[in-house]
Amino acid sequence: GLSTAEQVQTCIDHGADFCGFILNYPKSHRFINFEKAKKLMCVERKKTKYVGVLVNPKSDELKKFSKLNIDYFQIYANYNSESILNIKSKFNKKIIVAIKVKNQKDILNYKEFENVSDIILWDSSGLERSLEWNYNWIKSIPNHITKMIAGNINIDKLEKISKLADIVDV
């Protein structure tokens, strides 16, 4: 979750595929309000995609945030595939479904969303504080699934994670 124009510009200048903004979860230290999001999304993004990160979004929030200059909704919620498909069609946004990972069997929860989500994101189960999990667990996911990983990623872990780069976006 980016919160300053400098952060956004740095990501774009270094070729980031995505810039994410925490839009409706004030418990996060990376949360930004609607007006700040509007300003940050005015930064010329070149090929970078903007992502609105939403936790259990309500219909009015989806409507409000769909007016922002974003390409994707990244959704953390206990929705089913039908709910995701409805959001995708109603608000004309691509969808990143976030799956919280506590153990290896959680990885398989992607199956509910593989035909409705544009990207599946496996993330740690902590929302305010990322928890560690074994990124190698997603090696068994079929190649036709567009994959992302998140959660407790830091500079020390990038070498390990980069070995997964042929199967996942980091």
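See above for the structure.
Overview of the structure. (Residues numbered from 1 in each chain as written. Predicted model: local features only at pLDDT ≥ 70, side-chain atom pairs only at ≥ 80, totals over all residues. Heavy atoms only, no water.)

**Describing the packing of aromatic side chains**
- Per the counting criterion, the structure on display carries five aromatic pairs.
- Between Phe-18 and Tyr-72, the ring centres sit 5.5 Å apart and the planes meet at 75 degrees, which makes this aromatic pair edge-to-face. Residue Phe-18 is located in strand E1 (residues 18–22), and its partner Tyr-72 is located in strand E3 (residues 72–76); the two are separated by 54 residues in the primary sequence.
- When the centroid spacing of 6.4 Å and the interplanar angle of 65 degrees are considered together, the rings of Phe-73 and Phe-91 count as edge-to-face. (Phe/Tyr/Trp six-rings, centres within 6.5 Å; stacked < 30°, edge-to-face > 60°. Helix = DSSP H or I, 4+ residues; strand = E, 2+ residues; numbered from the N terminus.)

**Some words on the nonpolar core**
- Ranked by internal contacts, the top residues of the largest apolar core, which has 39 residues, are Val-8, Phe-21, Leu-23, Tyr-50, Phe-73 and Trp-122.
- Tallying contributions element by element places strand E4 (residues 94–101) first for this core, with four residues.
- Apart from residues no more than four positions distant in its own chain, Leu-23 is found in contact with Phe-31, Ile-32, Ala-37, Met-41, Gly-52, Val-53, Leu-54, Phe-65 and Leu-68. (Core = buried A, V, L, I, M, F, W, Y, C linked by side-chain atoms within 4.5 Å. Buried < 20%, exposed > 50% of the residue type's maximum accessible area, 1.4 Å probe, protein only. Contact = heavy atoms within 4.5 Å.)

**Describing the sheet that holds E1**
- Ordered by their spatial adjacency, six strands build an open sheet running E1-E2-E3-E4-E5-E6, and the pairing between neighbours is parallel. The sheet is open, and its two borders are formed by E1 and strand E6 (147–149), each paired with just one other strand. Neighbouring strand axes in the sheet, compared pairwise and without regard to direction, differ in orientation by 25 degrees on average. (Pairing = 2+ DSSP bridges. Axes fitted to C-alpha atoms, helices over the stretch in contact; angles between N-to-C directions.)

**Looking at the pairing of strand E2 (residues 49–55)**
- With six of seven residues buried, E2 lies mostly within the body of the structure.
- In the sheet, E1 pairs with E2 via five bridges, with the strands oriented parallel. By the bridge assignment, Cys-19 is partnered in E2 with Tyr-50.
- Running through helix H2 (residues 34–40), the crossover from E1 to the neighbouring parallel element E2 is right-handed. (Right-handed = clockwise from strand over helix to strand, strands pointing away.)

**A look at the pairing of E3**
- Counted residue by residue, E3 has five buried out of five residues, so it is predominantly covered.
- When E2 meets E3, the two strands line up parallel, connected through five bridges. Counterpart to Val-53 in the pairing with E3 is Gln-74.
- Following the backbone out of E2, through helix H3 (residues 59–65) and into the adjacent parallel E3, one traces a crossover that is right-handed.
- Strand direction decides the pairing type here: E3 and E4, joined by four bridges, are parallel. Paired with Phe-73 across the strands is Ile-95, a residue of E4.
- In this fold, the crossover linking E3 to E4 by way of helix H4 (residues 81–91) has right-handed handedness.

**Here we look at the environment of Cys-19**
- Summarising the element assignment, Cys-19 is placed in strand E1.
- The buried category is assigned to Cys-19, whose relative accessible area is 1%.
- Spatially, the C-alpha atoms of Cys-19 and Ile-70 are 9.5 Å apart, while their sequence positions differ by 51 residues.
- Excluding residues within four positions of it along the chain, Cys-19 makes contact with Leu-2, Val-8, Cys-11, Ile-12, Thr-48, Lys-49, Tyr-50 and Val-51.

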